[in-house]
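# Chains, contacts and geometry: an overview
Here is what each chain is made of, one letter per residue.
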Amino acid sequence: MAAVRTPMLTVNLSYASRVSVRSGRARSPMSSFASLPDAELFELVLSTRAAGRDANTAIGALCERWRRPAGVVVRRIQASYRTGSPDDEAELYQEAVRKFVEKGLDQFRGASEVHPGQAASPKTFFLRIVKHAAIDAYRKQRDLLEDPHEGDEEHSESPHQVGHAVGLARREEEREGAADLYWAAFARLEREHPNEASAWEAYHHLDLEDHEACAKHLGITVANSYKRVSRAQAHLRLFLMELDETRET
Amino acid sequence: MSGPDPANVRFDQHHADLRAAAGTSIVDPERAGVVLTMAGDLLRRSACRASGSDEASKEIEPALAAVGREAALAYVASLDAKRLRATLLGAFEDAFEAMLADTKEERSLFADGALLALSTRDHLASVRAALVWSEVDPAALDEKLRIIDEGLAARARMLAVLNPRRRDELSLLDADARGEAFWFGDRAGCDALLAIYTNRPLNKGDEAHLASCEACQRDAKSVGYAVRPAHVSAMILRRIEDGAATATELRFVEHHAKGCKACAVAVEAVRAVDVD
């Protein structure tokens, strides 16, 4: 994976290094964290941030404890994809640290989503970030390798390739943003116009793409299938416009 | 055959009622609301006054002088902002339904209903204009209008099917009243939206409009983002992990993964690698 490292990952690397370097320099605070259990150290991170102070040293110490389990998660994802190298572990760990700091700390709610009613551990939360960072990375790598423009320069980072990787990363972000927007619009369609949503789902999500098949699937007339899909399209488009505008503002 | 100007016919009754109100003493809040509305309608439409804009004071002032201040404020207090907001929201929904209607009759029914509800909002603007003319503090009404209008101007794209009639209404308003009348004015030139919603080819007029209208360009871009899911997104994968994926999302995932190896591997990885 390092051979086709995108600029995004390069940025991640330098960010995570910054956290690690700081934690490395601050030897005394690091050693003072050693006696704290994960939960207490995590609380310290949250309270330090809430007070507007720099929590990088504590975050560095906390994430360092999870480096080895993170490596296990990465290797298991690699096994699923039948790809990857040992070098990827460090890179994906750093990517996960970045996500944890930038978004994860604010998103962590302390309640388990998988087991409602139970407390979630920050470690599990972090390892999920690692897991999805790895899946994202290997999906992107697959896209890169399958991209016909990659050509012979796969193992270098020429300006052309870097520019191309930037383009791909941007395209990927746009695609993900568009997908999120689509599903939010579709969820609204399901709430406000369930019949239209069912027709749209049959026609487009389940690839029936034929009003006779769609009508049969839903137990409605062909004319009704056509009407519902047309109405769904108009509503979805309206919702996309409204959601996109809200997102921008 | 040319008949009387429909706008003038519509306001004939206003002229008669305002003349009848002049010289009386109006203490009933409901009656006060009627007179305030009619007076305000004409204050905001100088071209529709009986004898042109110069005659405003002769026609309107005596009628407004008949409305007691307490009756005017009591009328404002009687307005139910939440109900009025629901009415206005209904107008937006009805206008969108009019665009999707199967028959001419159905389309007319929805469009007429929507326009009537938009007129209700316009009447409130008239009441405000009349209060200001009468030097009655409009603050209480402004607070209700804030509740009624919240976020609605941004949804004016839903009114596209009414645009020709909205433009007619807008043209009757004086220039300074047009700016605030989002119910008639916002996106009133954006007829291209109808083609965008229904995925019809743009006609030449639509194309010309789209070339110069930033709002329509933005909307066209938004619908271009996604009209169907292409792959299982990272967000859906996280939702599967969290147990938060909806039944619809899971049906799509199961179906799509059968024909897309890349997504199948990703879904399998999410399910196989347990970090708990």
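What you see is a predicted model, and the numbers here were worked out from it, not measured in a lab.

## Here's the deal with the overall build of chain A
- A tally of regular secondary structure across chain A gives 11 helices and zero strands.
- Along chain A, helices (α) and strands (β) appear in the sequence α-α-α-α-α-α-α-α-α-α-α when read from the amino end.
- Burial status across chain A gives 37% buried among its 249 residues.
- Partitioning the intrachain contacts of chain A with sequence separation of at least 6 by distance along the chain shows that 69% fall at a separation of at least 24.

## Things to note about the overall build of chain B
- When helices and strands are counted, chain B shows 16 helices and zero strands.
- For chain B, whose C-alpha radius of gyration is 26 Å, the value lies well above the compact-globule estimate of 19 Å for 276 residues.
- Once local pairs closer than 6 in sequence are excluded, the contacts in chain B between residues at least 24 apart make up 67%.

## Considering the packing of helix 9 (residues 194–205) of chain A against helix 10 (residues 211–218) of chain A
Residues and elements named next belong to chain A.
- The geometry of helix 9 relative to helix 10 is characterised by a closest axis approach of 9 Å and an angle of 130° between their N-to-C directions. With respect to helix 10, the element helix 9 is oriented oblique. Classified by chirality, the crossing of helix 10 by helix 9 is right-handed. Along the contact surface, helix 9 presents Ser198, Ala199, Ala202 and Tyr203, while helix 10 presents Cys214, His217 and Leu218.

## Digging into unusual backbone geometry
All names here are of chain A.
- At arginine 82, a position not held by glycine, the phi torsion is positive, near 50°.
- Note on placement: arginine 82 falls in the loop between helix 5 (67–81) and helix 6 (87–107).
- A positive phi angle is found at glutamate 209, which is not glycine, with a value near 45°.
- Relative to the helices and strands, glutamate 209 resides in the loop between helix 9 and helix 10.
- With 12 C-beta atoms counted inside 10 Å, the residue glutamate 209 sits in the exposed group.

## Examining the interface of chain B and chain A
- At the interface, 43 residues of chain B touch 40 residues of chain A.
- Looking at the side of chain B that touches chain A, the elements with two or more residues in it are helix 5 (81–100), helix 11 (192–198), helix 13 (214–225), helix 14 (234–242), helix 15 (247–259) and helix 16 (261–272) of chain B.
- Its residues assigned to classes, the side of chain B that touches chain A shows 24 nonpolar, eight polar and 11 charged.

## Considerations on the domain arrangement of chain B
- Taken domain by domain, chain B holds domain 1 (10–185), domain 2 (192–225) and domain 3 (234–272).
- Between the C-alpha centres of domain 2 of chain B and domain 3 of chain B there is a distance of 34 Å.

## Side note on the nonpolar core
- Residues Val130(A), Ala39(B) and Ala95(B) are the most contacted members of the largest nonpolar core, which totals 125 residues.
- With 12 residues, the single largest contributor to this core is helix 6 (residues 104–133) of chain B.
- Residues in contact with Val130(A), not counting those within four places in the same chain, are Ala70(A), Val73(A), Val74(A), Leu92(A), Tyr93(A) and Ala96(A).

## Re the environment of Ala58(A)
Residue and element names in this part refer to chain A.
- Checked against the element boundaries, alanine 58 lands in helix 4 (residues 56–65).
- Judged by the 26 C-beta atoms lying within 10 Å of it, alanine 58 falls in the buried class.
- Residues alanine 58 and arginine 188 lie 130 residues apart in sequence; the distance between their C-alpha atoms is 41 Å.
- With residues up to four places along the chain from it excluded, the contact list for alanine 58 reads Phe33, Leu41, Leu44, Val45 and Thr48.

## What to know about the packing of helix 5 of chain A against helix 6 of chain A
Residue and element names in this part refer to chain A.
- Close contact between helix 5 and helix 6 brings their axes to 9 Å; oriented N to C, the two are set at 115°. It follows from the interaxial angle that helix 5 and helix 6 lie roughly perpendicular. Along this stretch, helix 5 crosses helix 6, giving a crossing that reads as right-handed. Contact residues: helix 5 offers Arg67, Ala70, Gly71 and Val74, while helix 6 offers Asp88, Glu89, Leu92, Tyr93 and Ala96.
- For the contact of helix 5 with helix 6, the per-class residue count stands at five nonpolar, one polar and three charged.

Definitions and limits used
- Once a new chain begins, its residue numbering starts again from 1 and follows that chain's sequence as written.
- The naming scheme follows written order: chains are lettered A onward, ligands numbered 1 onward.
- Since the coordinates come from a predicted model, pLDDT governs what is reported: local features require at least 70, and pairs of side-chain atoms require 80 or more to be given and counted, while whole-chain, interface and lining totals use all residues.
- Strands here mean DSSP runs of E at least two residues long; helices mean DSSP runs of H or I at least four residues long; both are numbered from the N terminus.
- Any residue surrounded by 20 or more other C-beta atoms within 10 Å of its C-beta is treated as buried, while 12 or fewer makes it exposed and the intermediate range makes it partly exposed; C-beta atoms here are placed from the backbone.
- This entry defines residue contacts through backbone-placed C-beta atoms, with two residues in contact when those atoms are within 7 Å.
- Here the globule rule is a power law, 2.2 Å times the number of residues to the power 0.38, and the radius of gyration is based on C-alpha atoms.
- A fitted line through C-alpha atoms represents every axis, and for helices the fit uses only the stretch in contact; the resulting angles, taken between N-to-C directions, go from 0 to 180 degrees.
- In what follows, roughly perpendicular refers to angles from 65 to 115 degrees, roughly parallel to angles under 35, roughly antiparallel to angles over 145, and oblique to any angle outside these ranges.
- Less than a right angle of anticlockwise turn of the near helix away from the far helix marks a crossing as left-handed, whereas a clockwise turn marks it as right-handed.
- Residue classes follow a fixed rule: Ala, Val, Leu, Ile, Met, Phe, Trp, Tyr, Cys and Pro count as nonpolar, while Asp, Glu, Lys and Arg count as charged, and any other residue, Gly among them, counts as polar.
- For the purposes of this description, domain bounds are those given by an automatic or database domain assignment.
- Remark: nonpolar core denotes a set of buried Ala, Val, Leu, Ile, Met, Phe, Trp, Tyr and Cys residues whose joining runs through C-beta atoms within 7 Å.

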